[in-house]
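An overview of the molecular structure
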Protein chains: 4
Amino acid sequence: MFEKTETVPGWLAPEELESVRERMPILYVDAVPVRVDDTGLVTRVGLLLRIASDGAVSRALVSGRVLHHERVRDALLRHLEKDLGPVALPHIPASPQPFTVAEYFPTPGVTPYHDPRQHAVSLAYVVPVSGDCRPRQDALDLVWFTPEEAASPLVQQEMPGGQGVLLMQALAHVGVLS
Amino acid sequence: MFEKTETVPGWLAPEELESVRERMPILYVDAVPVRVDDTGLVTRVGLLLRIASDGAVSRALVSGRVLHHERVRDALLRHLEKDLGPVALPHIPASPQPFTVAEYFPTPGVTPYHDPRQHAVSLAYVVPVSGDCRPRQDALDLVWFTPEEAASPLVQQEMPGGQGVLLMQALAHVGVLS
Amino acid sequence: MFEKTETVPGWLAPEELESVRERMPILYVDAVPVRVDDTGLVTRVGLLLRIASDGAVSRALVSGRVLHHERVRDALLRHLEKDLGPVALPHIPASPQPFTVAEYFPTPGVTPYHDPRQHAVSLAYVVPVSGDCRPRQDALDLVWFTPEEAASPLVQQEMPGGQGVLLMQALAHVGVLS
Amino acid sequence: MFEKTETVPGWLAPEELESVRERMPILYVDAVPVRVDDTGLVTRVGLLLRIASDGAVSRALVSGRVLHHERVRDALLRHLEKDLGPVALPHIPASPQPFTVAEYFPTPGVTPYHDPRQHAVSLAYVVPVSGDCRPRQDALDLVWFTPEEAASPLVQQEMPGGQGVLLMQALAHVGVLS
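Here's what I pulled together on the structure shown here. (Residues numbered from 1 in each chain as written. Chains lettered and ligands numbered in written order. Predicted model: local features only at pLDDT ≥ 70, side-chain atom pairs only at ≥ 80, totals over all residues. Heavy atoms only, no water.)

Quick look at the relation of the copies chain B and chain D now. Mapping chain B onto chain D is achieved by rotating through 180° and translating by 0.0 Å along the same axis, at an RMSD of 0.0 Å. This pairing of chains is accounted for by a two-fold axis. Here 100% of the interface residues in chain B have copies in chain D that are interface residues too; the copies meet face to matching face. (Least-squares fit on C-alpha atoms with pLDDT ≥ 70 in both. Contact = heavy atoms within 4.5 Å.)

This structure, assessed with the given rule, holds 20 salt bridges over all chains. In this structure, the salt-bridge partner of Asp74(A) is Arg71(A), at a minimum N-O distance of 2.8 Å. Residue classification places Asp74(A) among the partly exposed residues on the basis of a relative accessible area of 26%. The class for Arg71(A) is buried, based on a relative accessible area of 15%. A salt bridge links Asp115(B) to Arg117(B), with the shortest nitrogen-to-oxygen separation between them at 3.2 Å. Residue classification places Asp115(B) among the buried positions, given a relative accessible area of 4%. For Arg117(B), a relative accessible area of 37% puts it in the partly exposed group. (Salt bridge = Lys/Arg side-chain N within 4 Å of Asp/Glu carboxyl O. Buried < 20%, exposed > 50% of the residue type's maximum accessible area, 1.4 Å probe, protein only.)

The subject of this paragraph is the interface of chain B and chain D. The interface of chain B with chain D comprises 20 residues on the first partner and 20 residues on the second. Both faces considered, chain B and chain D share a buried interface measuring about 1,500 Å² in area, 57% of it formed by carbon and sulfur atoms. Among the residues chain B hides against chain D, the three largest losses belong to Thr39(B), Ala94(B) and His173(B). Together they make up 33% of the total. Our count for the chain B to chain D interface comes out at zero salt bridges. For the pair chain B and chain D, the interface holds eight residue pairs in polar contact (both at pLDDT 80 or more). Ranked by residue count, the leading element in the side of chain B that touches chain D is helix α2 (residues 72-84) of chain B, at three residues. Taken together, the residues of the side of chain B that touches chain D break down into nine nonpolar, seven polar and four charged. (Buried area = accessible area lost by both parts, 1.4 Å probe. Polar contact = N/O pair within 3.5 Å; in protein donor to acceptor, adjacent residues only side chain to side chain. Helix = DSSP H or I, 4+ residues; strand = E, 2+ residues; numbered from the N terminus. Nonpolar A, V, L, I, M, F, W, Y, C, P; charged D, E, K, R; others polar.)

This next bit is on the interface of chain A and chain B. Contact residues are listed per partner, giving 38 residues for chain A and 38 residues for chain B. When chain A packs against chain B, the two sides together hide about 3,000 Å² of surface, and 65% of this comes from carbon and sulfur. Considering only the surface of chain A that becomes buried against chain B, Arg23(A), Met24(A) and His68(A) emerge as the three largest contributors, covering 22% of it. Seen at the junction of chain A and chain B, the total is zero salt bridges. Applying the counting rule to chain A against chain B returns eight residue pairs in polar contact (both at pLDDT 80 or more).

Turning next to the pairing of strand β3 (residues 57-60) of chain A. All names here are of chain A. As paired elements, strand β2 (residues 42-51) and β3 share four bridges and run antiparallel to each other. Residue pairing across strands places Leu49 opposite Arg59, the latter belonging to β3. Counting the residues in the hairpin turn of β2 and β3 gives five residues, including Gly55, whose phi is positive at 90°. (Pairing = 2+ DSSP bridges.)

Residue and element names in this part refer to chain A. Applying the stated criterion across every chain yields a total of four aromatic pairs over all chains. Judged by centre distance (5.5 Å) and plane angle (50°), the rings of Tyr104 and Tyr113 are tilted. Here Tyr113 falls in the buried class, since its relative accessible area comes to 5%. (Phe/Tyr/Trp six-rings, centres within 6.5 Å; stacked < 30°, edge-to-face > 60°.)

The next subject is the side chain of His79(D). Residues and elements named next belong to chain D. In this structure, His79 sits in helix α2 (residues 72-84). Note on His79: relative accessible area 1%, which makes it buried. Looking at His79, its side chain comes within polar contact range of the side chain of Lys82, at 2.7 Å.

On to unusual backbone geometry, then. Residues and elements named next belong to chain A. Although it is not a glycine, His69 adopts a positive phi angle of roughly 65°. Looking at the secondary structure, you find His69 in the loop between β4 (62-65) and α2 (72-84). For His69, a relative accessible area of 35% gives the class partly exposed.

Rendered as structure tokens:
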């Protein structure tokens, strides 16, 4: 849930968003970018790499808000293009049914997910991408892991806020947990 | 999406909610109450009946907002108890995976769902209820239909805002479309 | 369920298959081929056309058996390539979770699905295809319908054995029922 | 997949079943019995305990074949009653959509699941049970674990054939992985 500043005219100004965040659940999408083979089997999982100013490494799924008057599938496409670049060629699922709903609470422990800033409810999807991924945000890189690597404690501990759990759920959903 | 006024201290005041409604998607849940037999097969679907001051009849699913710091499953239980009474004994699904996500847009035609007041995104669940249902709101009654009756044009045309489509999707999901 | 003869060495001979068909449920897959736009929204549904010797028209989904030691995703790919040709480029779903399970019973009325020859249990998937579809079987053509056309009584009545219901379930699952 | 002998007249005799097992995928169901709270949240997972003649302990899900002319939901109910007793009160899901499809191959490594005797394809469901569970088979006991315990290496290593993975997938599906 490392949201980047969004300054789209006509939507909530940052200070308004702060105010709303204390009062209502905010709708998000989470996307797990994957590479698949000809039979649809997931062979790699893409995670965004972030390095904080203190050198701390963290990894994240593609994630962001759904805006007013924006369809969920448009929000998915927008965030995937923002994080993976314009030629990633994401295959947005035909069905709006998410594999799970991740409820990020400001209070830790209510659910497996935590976001200190807000109560975010995120619709989570696995999204095959077949193109060339070029992360466009400065502090981001994208690393492809095998399902085994993605499920390893090493990667899991680098994913804050419960996104490691959400990744495990995605791996379980596509049948590549082992 | 016939939401009743909610005056819970600490949450959004009505005038604030109006303001936010023009700026952000609002998170909802839709529940389709059903009766099932011993094998889980849906035998009846419960629809709320409303009669407007001009005598117009409409039917609706159980529906309402998810509040700040409220889990989706708690919102489901709260709205089911509010609309069906305290001894309806709803069996909230173990999985948070909804059967679909209904996106109610203020502009008609963007999706099959429409809500003139707001952009509402609703997680939709089929919920078996095994107890005694006693609608508690004044203008409400609950009527149980067979799946065939629920899918009929007569019932469908009494469900505004695309809830007829959502009901058809629920029937399809539980395998009782014919 | 218009299965073509399969003469793969080492699997069941036709007469053996006949014998087993009276004793066990046979595992099938059903695929609903679709065209999607950039956001994953289904814009067209592909149905196979068959014309019987008496001139009767029927339409069908891509359907067929899962063989011994064959993964479900390999069976999906094999039947799609067999019916749509080698350059259809089907995107087999990453998740093995079907949108429904269609139980074709030899006795009509047990479920919405019927197959006079056998008890077939079919895992049903929606499969986007992005390539050029060239049906290879003699009596087959592939026609692309809008979701509205696919749900129309005209098309529905041309789909025997309950596949019209299964198609409606697919449309419901991908959110294009109206 | 510790199947018990089934001697139902009119179905396959044991020697016939052996023959078919080498030629066709056999349809199974797997059920994960759970206890849920009022909001549907899974609080306990039930695993069958088996002690082999050499004292080896193993744990298993409720599992078994779907018979000819038997609906999947009837097979689920039959196997749950067989393993948990007549007053377990299982709540068979309203939807036939399984949370996953487990493909047990006779060759290890093709999928995460393995059954040396056969190629079994199993539809997997999470089933809340609200009654009193009294395992009826001699060598069986039922033990309730918290989700954390069920996901622990200790329990996982006692579940052969990939059922530990299937259990993890069930925990992921109901949102209680941590």
